[in-house]
Amino acid sequence: MALPNNGTTADDSRFDWNSARTLLAGLPGGGINIAHEAVDRHVAAGQGERTALVSLGRHYERHKISYGQLAAASARVCAVLQELGVQPGDTVAVLLGRSVELYQAALGIWKAGAVFCPLFGVFGPGPLRSRLELSRAKVLIATETLYSRKVLSIRGNLADLRHVLLVADEPEQSIGDHAGCDDFRARVATAQPAATVATTEQSPAFMHFTSGTTGIPKGAVHVHGAVVSHLLTGQQVFKLVPDDVYWCTADPGWITNTVYGLIVPLVNGCTALVDEAEFDPRRWYGVLKDEAVTVWYTTPTNIRMMMRYGAALARTYRENSLRLAASAGEPLGAEAATWGEKTLGVQFNDTWWQTETGAIAIANLADDGRPGSMGRPLPGVQAAVVNRNLSKVEVVNDPDAVGELALRADLPSLFSSYIGDTSRFQSCFIDGWYLTGDLVRRDADGFFWFVGRSDDMIKSAGHTIGPFEIEASMMVHPAVAEIGVVGKPDLLLREVPVAFVSLNPGFEEGDALRTELLYYGRQHLGSAIAPREIQFVEAMPKTTTGKILRRALKAKASAEPDEDAVLPTSGYPGRFDDE
Ligand code: WT7
């Protein structure tokens, strides 16, 4: 497709967001509220009996919750928050697992006009404290265990935090004795439902701290008006209809769960599957099949883990109800995208977005995809490859030229601020473009290909190399389960690419395999960009959202060689608790 000079497709610039907004119900007295679009509008339309949630506890305890029940419970949460003095615009932090209470809490917070701020349960007291302070949360809703382990010790430092509501870890139980805490379930059960506060498109609705690999947390704030993008992307990317059973596996601390686990299935009237358990391939395959999941949204890390368990196990679950699967968060290589087709009978579509964009912006679609690419901008999204030039951006139209991905700043789902950091927020925008910090190239057909975060680029012998290009080629080797490539300082070449590799079952780490992988790299990538060094690791260091933590690999790569480096083995935790 030919692209006009402004770097957008003709269709995109004709897209009319105002007529898209007419798809929303709107509050009876005027205004927009996510909770109303997610549950109350369906109840008003006589759909209150339909199943909103199917929840699975750790021991497979199964509960069905209707739209009517969820609407009523969230109106009671709204009342409890108002009794505690929560005003529109106040922040309510949440530290819950994937559970029905998470849905009740989020919807109740929106009904009260407050700002939903979910945090990662894997964070320790330090990162939780800085986020609770930055968000100025007045109320915290947490599980009893997460509160006792992680918040109790810092509570005295949190000047803004006035109340804590606790959810007992086991269903049907009440909480133990905790000073200054109330039982969430008990209070909600006895409250009188309250009416939804009148919010507008510009009212803040939720805040997420970016999973960032840079260290300093940024709290991206999103508004109620974003719900139009949530409704539409659910239809554009997943073709959602009310009969769908939709499963998003993201952690509640990640925006992917707030938007695609909570809001998107409900505004589209589907049944959302809520599985409390952590990742376990056998359980996941079983859940997909037994719960007749039709649409599945997960991450490349999870897909690679499932691949690692082998195609034979996957094929035993081939008789499933899936019609569509997609992933986000990291590049999904062509390997992984097509693996699903061979084993589960459904292809994985890669989708691209960020905490800041608030909704999927670029995606492969079932009928318009290119495995290995991020896909094409969705209708209504104007995306371009640009070069930053001091305070100007220059749109690059040559196919395959590498530059920074920029989006026109008129997206309804785009963040409205970084909490407490106006200058950082403003520095993301130039000439009406939002600059993403991701490097990409766009091919002649308009598909975008991920090259890397601008901070992750490897500069070697005059080339600038995106780690993902190397990783994607090396992933094709049958021994490689996961790979992370970083630059290692080099006197002569400035940097050289070093690959950290975890192996598939049946492969032995050792010099023979190392030599084979180095040779394989040179053959497929050419000696200029092939890895110069291979280090075997048991597991990759990951951020809480499953992104390879290149910063940790970089530190490891730059370290002086020690004795272990002669035959390196593992030594990495799979997951970092703190940033
Ligand atoms: C960063 C955003 C998935 C989103 C929710 C929030 C990387 C994301 C892809 C993809 C290559 C991707 C980018 C982006 N990323 N999706 N499909 N292909 N890279 O995510 O935690 O704010 O992270 O994740 O670098 O900027 P986030």
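What you are looking at is a predicted structure, and each value in this text was computed from that prediction instead of being measured. (Residues numbered from 1 in each chain as written. Predicted model: local features only at pLDDT ≥ 70, side-chain atom pairs only at ≥ 80, totals over all residues.)

Novice: What is the right way to read the overall build of the protein chain from this model?
Specialist: A count of helical and extended segments in the protein chain gives 18 helices and 28 strands. The buried share among the 579 residues of the protein chain stands at 52%. Pairs at least 24 apart in sequence give 69% of the contacts found in the protein chain among residues at least 6 apart. (Helix = DSSP H or I, 4+ residues; strand = E, 2+ residues; numbered from the N terminus. Buried ≥ 20, exposed ≤ 12 C-beta atoms within 10 Å, placed from the backbone. Contact = placed C-beta atoms within 7 Å.)

Novice: Is there a simple way to explain the pairing of strand 17 (residues 383-389) in this structure?
Specialist: The side chains of a regular strand alternate, first on one face of the sheet and then on the other. Sheet topology places strand 17 next to strand 19 (residues 402-408); four bridges connect them, and they run antiparallel. When the bridges of strand 19 are listed, Val385 appears paired with Leu405. Here strand 17 runs beside strand 18 (residues 392-396); their pairing, made up of five bridges, is antiparallel. Bridged to Asn389 within strand 18 is Lys392. Here strand 17 folds back onto strand 18, and the loop between the two strands holds two residues, one of which, Leu390, carries a positive phi near 50 degrees. (Pairing = 2+ DSSP bridges.)

Novice: Help me understand the sheet that holds strand 10 (residues 245-248), please; the structure alone is not making it clear to me.
Specialist: Whether parallel or antiparallel, the strands of a sheet pair through hydrogen bonds between backbone atoms. Sheet architecture is open: nine strands sit in the order 2-1-11-10-12-13-14-15-16, paired in mixed fashion. One side of each edge strand has no neighbouring strand; the edge strands of this open sheet are strand 2 (62-66) and strand 16 (376-377). Sheet topology places strand 15 (residues 362-363) next to strand 16; two bridges connect them, and they run antiparallel. Bridging from a neighbouring strand, Ile362 pairs with Pro377 of strand 16.

Novice: Explanation requested: the sheet that holds strand 28 (residues 533-536) in the structure shown.
Specialist: What the three strands build is an open sheet, ordered 26-27-28; its pairing is mixed. Strands at the two margins of the open sheet, each flanked by one partner only, are strand 26 (480-490) and strand 28. The average undirected angle you get between the axes of adjacent strands in this sheet is 25 degrees. Bridge count between strand 27 (residues 494-503) and strand 28: four bridges; the pairing is parallel. Each residue of the ladder has a partner; that of Val501, found in strand 28, is Phe536. This element, helix 16 (residues 467-475), spans strand 26 and strand 27 of the sheet and lies at about 140 degrees to strand 26. (Axes fitted to C-alpha atoms, helices over the stretch in contact; angles between N-to-C directions.)

Novice: What is the right way to look at the nonpolar core in this model?
Specialist: Generally speaking, nonpolar side chains in soluble globular proteins are found buried as a group. Formed by 177 residues in total, the largest nonpolar core has its most connected members in Val92 and Val94. The element best represented in this core is helix 4 (residues 67-83), accounting for ten residues. Sequence-distant contacts of Val92, that is, excluding residues within four places in its chain, are made with Leu81, Val86, Ile109, Ala114, Val115, Phe116, Cys117, Ala137, Lys138, Val139 and Ile141. (Core = buried A, V, L, I, M, F, W, Y, C linked by C-beta atoms within 7 Å.)

Novice: Looking at this structure, how should I read the confidence of the model for the protein chain?
Specialist: For any part of a model where pLDDT is low, the fine detail of the predicted coordinates should not be relied upon. The share of residues in the protein chain with pLDDT of 70 or more is 93%, and the mean pLDDT across the chain is 89. Here residues 1-11 scores under 50 on pLDDT; set against residues more than four positions off or in separate chains, the count is 18 contacts. Taken together, the stretch residues 561-579 has pLDDT below 50 and engages in 28 contacts with residues farther than four places along the chain or on a different chain. For this predicted complex, the interface score ipTM comes out at 0.99, alongside a pTM of 0.87. (pLDDT = per-residue confidence, 0-100.)

Novice: Looking at this model, I keep getting lost on the UniProt feature "domain: AMP-binding enzyme C-terminal" (unreviewed entry) in the protein chain. Mind explaining?
Specialist: As annotated by UniProt and renumbered to match this structure, "domain: AMP-binding enzyme C-terminal" (unreviewed entry) occupies residues 469-547. What you have in residues 469-547 is 28% helix and 32% strand, and the ends, taken at the C-alpha atoms, are 16 Å apart. (UniProt positions renumbered as here; feature names shortened; annotations may be inferred.)

Novice: How do you make sense of helix 10 (residues 255-267) when you look at a structure like this?
Specialist: Turn by turn, an α-helix covers 3.6 residues, leaving residues three or four places apart pointing in a common direction. Here helix 10 lies mainly inside the structure; 13 of its 13 residues are buried. Gly269 occupies a position one or two residues after helix 10 and carries a positive phi of about 75 degrees.

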